[in-house]
Amino acid sequence: MKAPELLSPAGTLKSMRYAFAYGADAVYAGLPRYSLRVRNNDFLEDNLRIGIDEAHAAGKQFFMTVNLSPHNAKLRTFIKDMTPLVEMQPDAFIMADPGLIMMVRQQWPDLPIHLSVQANTVNWATVQFWKNAGISRVILSRELSLDEISEIRDRCPDMELEVFVHGALCIAYSGRCLLSGYFNHRDPNQGTCTNACRWEYKTEAATEDLSGVYRPAESSIIPLDAVGGTTALEGFDFSGAEQSFGPTGSDNRHPKANDVYFIEEPNRPGELMPIEEDEHGTYILNSRDLRAVEHVQALTRIGVDCLKIEGRTKSHYYVARTAQVYRQAIDDAVAGRPFDPNLIAELDNLAHRGYTDGFFERHHTKEYQNYIEGVSKHREQQFVGEITSVQGDWAEVDIKNKLAVGDSVTFMLPDGNRIEQLADMQTLEGASMTEAPGGGYKVRLKLPAGAGAFGDRLKYGLIAKHLNG
């Protein structure tokens, strides 16, 4: 089978370098003004040039995101702003807006364009439409099943297809969300999303006055479980544990569902916002994160050209770990090896909001349920250190979280991981020490036996502590 390309996020040059060290074939990044990532994005013009040059020198690809939905003001400067970026020779632009695509096609007809997931492509006819418009790759909507992706592949054999397999999910059709703009006047479709769907909310009862206006009741804040809600991690709804949700007026409709409530976010005390629920539920939700590593084999068999990881605002540890896991899953699939369920556990070691495999299958098969229940809680880890240099058998380490002699740790290295019980720790001057209390400390740690063979690649080594032994 053909190996799909592994595409990792790059919010920083450091993340890009870790992505490549841990197995990514390509990265995507972009200028904050046009790339839907304004915050935690250091890819201004100089860094874009450095990133593209380094990627090409390593035989990798660098895709530039230009996937916003622009208002008129940005059209006036678009060609001028893009000209120096095109001269850097990125491998493709990732775009969603038809007007911007038209402008790029007219100005730079030979520049490859990948259609962003923001364009919400959910069927083969749309893929064919964009092929006729000169698009070389379509990033399919996250809302598709494996069967739908397979049909698109069969009907569009000469179009490159890209699919998201890991990362945050939006409470909107592939990211076209308005919630942050409604609450904070920060438009997600211009790159300034505040992730309002993931805030923690309190609920307060509302009463209707004589004029029909809902106002906060005088009663105290109602805890979520009093109205059948859930934790912020699970999402904000009133469906209730005892009664399932049914159509309006049906016997199994939750008794609180017709009420109106106000919600309050802890960082904005006193700012009460009304929320109502109909037969379909409420509309402020905190989605679980996408984890589809168990579907890599199926996507490879289908012939998907690229598997994509979300997370340009995430840390280099996240980028390295996801690249390492999905690299192994792809290599195993191409080599005909069975799926390794331990990869599920490896991804559980990252901070996440709970996982879902999204829309790929209606339900997990019994086999996958056994994988997840039996493996995903295997070992919880915390990122504790980053190797900055190596002298012989010892590494200088920049400590990120508390680490002590005797801790069980994973030395995460580009060419493989080593699990060890930490036996030695020294100051940079060579004095023995037993504990680094937290971030900001720099220490020397003894490397696992044989790790020195990794040579210069050790500079991308990371260390994770096992929290439950």
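Residues numbered from 1 in each chain as written. Predicted model: local features only at pLDDT ≥ 70, side-chain atom pairs only at ≥ 80, totals over all residues. Heavy atoms only, no water.

Engineer: Is there a simple way to explain the overall build of the chain in this structure?
Structural biologist: Each helix and strand counted, the chain has 11 helices and 23 strands in total. Here the chain holds 469 residues, and the buried ones make up 53% of them. Here the contacts in the chain between residues at least 6 apart in sequence split such that 66% fall between residues at least 24 apart. Summed over its atoms, the accessible surface of the chain is roughly 21300 Å², and 49% of this surface lies on carbon and sulfur atoms. (Helix = DSSP H or I, 4+ residues; strand = E, 2+ residues; numbered from the N terminus. Buried < 20%, exposed > 50% of the residue type's maximum accessible area, 1.4 Å probe, protein only. Contact = heavy atoms within 4.5 Å. Areas by Shrake-Rupley, 256 points an atom, 1.4 Å probe, with all protein chains shown as cover.)

Engineer: Looking at this structure, how should I read the pattern of salt bridges?
Structural biologist: Within the structure shown, the criterion is met by 22 salt bridges. A salt bridge links Arg291 to Asp348; the shortest N-O distance between them is 3.3 Å. With a gap of 57 residues between them, Arg291 in strand β12 (residues 289-291) and Asp348 in helix α10 (residues 342-348) connect regions that are remote in the sequence. With respect to class, Arg291 is no different from Asp348; both count as buried. (Salt bridge = Lys/Arg side-chain N within 4 Å of Asp/Glu carboxyl O.)

Engineer: Just to check I follow, could you spell out the packing of helix α1 (residues 13-21) against helix α2 (residues 45-57) for this structure?
Structural biologist: Packed helix pairs are specified by the crossing angle of their axes together with the interaxial distance, meaning the distance between the axes. Where α1 contacts α2, the axes come no closer than 10 Å and their chain directions differ by 10°. It follows that α1 is roughly parallel to α2 by the angle criterion. Residues Leu13, Met16, Arg17 and Phe20 of α1 form the contact with α2, whose own contacting residues are Asn47, Ile50, Gly51, Glu54 and Ala55. A class-by-class count of the residues in the contact of α1 with α2 yields five nonpolar, two polar and two charged. (Axes fitted to C-alpha atoms, helices over the stretch in contact; angles between N-to-C directions. Parallel < 35°, antiparallel > 145°, perpendicular 65-115°, else oblique. Nonpolar A, V, L, I, M, F, W, Y, C, P; charged D, E, K, R; others polar.)

Engineer: Could you clarify how one ought to interpret the pairing of strand β19 (residues 416-421) in this entry?
Structural biologist: Side chains on a regular strand alternate between the two faces of the sheet. Two strands pair when backbone bridges link them, and strand β18 (residues 408-413) and β19 are joined in this way by six bridges, in the antiparallel orientation. Directly across from Ser408, in β19, lies its bridge partner Gln421. Here β18 folds back onto β19, and the loop between the two strands holds two residues. (Pairing = 2+ DSSP bridges.)

Engineer: Looking at this structure, how should I read the confidence of the model for the chain?
Structural biologist: The predicted coordinates ought not to be read in detail in places where the model reports low pLDDT. Predicted confidence across the chain gives a mean pLDDT of 82, with 76% of residues reaching 70 or more. Overall, residues 278-283 carries pLDDT values under 50, and its contacts beyond four positions in sequence, including any with other chains, amount to 14 contacts. (pLDDT = per-residue confidence, 0-100.)

Engineer: When you look at the environment of Gln324 in this model, what are you seeing that I'm missing?
Structural biologist: Along the chain, the position of Gln324 falls in helix α9 (residues 316-335). What makes Gln324 buried here is its relative accessible area of 14%. Taking the C-alpha atoms as reference points, Gln324 and Ala24, 300 residues apart in sequence, are found 8.0 Å from one another. Among residues more than four places away in sequence, those in contact with Gln324 are Tyr22, Met412, Leu413 and Asn417.

Engineer: Would you explain the packing of aromatic side chains in this entry?
Structural biologist: Two measures describe an aromatic ring pair: the distance that separates the ring centres and the angle between the ring planes. Within the structure shown, the criterion is met by six aromatic pairs. Seen from their ring centres, Tyr18 and Tyr460 are 5.1 Å apart, and the 85° between their planes marks the pair as edge-to-face. Within this pair, whereas Tyr18 is found in helix α1, its partner Tyr460 is found in the loop between β22 (442-446) and β23 (462-466), the two being separated by 442 residues in sequence. For Tyr18, a relative accessible area of 2% puts it in the buried group. Classification of Tyr460 as buried rests on a relative accessible area of 18%. (Phe/Tyr/Trp six-rings, centres within 6.5 Å; stacked < 30°, edge-to-face > 60°.)

Engineer: I would appreciate a short explanation of the sheet that holds β22 in the present structure.
Structural biologist: Two strands in a sheet stick together by hydrogen bonds in their backbones, pointing the same way (parallel) or opposite ways (antiparallel). An order of β19-β18-β23-β15-β16-β22-β20 is seen for the seven strands of this open sheet, with the pairing classed as antiparallel. Either end of the sheet is taken by a strand with one partner, and the two such strands are β19 and β20 (425-426).

Engineer: Explanation requested: the environment of Gly392 in the structure shown.
Structural biologist: Mapped onto the elements of the fold, Gly392 is located in the loop between β15 (381-391) and β16 (394-399). Along the sequence, Gly392 and Ala451 sit 59 residues apart, while their C-alpha atoms lie 10.0 Å from each other.

Engineer: I tried to follow the pairing of strand β4 (residues 92-95) on my own but got confused; where do I start?
Structural biologist: By the alternation rule, side chains of β4 split into Ala92 and Ile94 and Phe93 and Met95, which are all buried. As judged from the three bridges shared by β4 and strand β5 (residues 113-115), these two strands associate in the parallel manner. From the neighbouring strand, Phe93 faces β5, where its bridge partner is Ile113.

Engineer: Could you clarify how one ought to interpret unusual backbone geometry in this entry?
Structural biologist: Comment: phi is negative for the bulk of residues other than glycine, and the bulk of peptide bonds are trans. For Gln89, which is not a glycine, the phi torsion comes out positive at approximately 65°. Residue position: Gln89 is located in the loop between α3 (72-87) and β4. Relative accessible area serves as the criterion here: at 58%, Gln89 is assigned to the exposed category. With a phi close to 60°, Asn120 is a non-glycine residue in the positive phi region.

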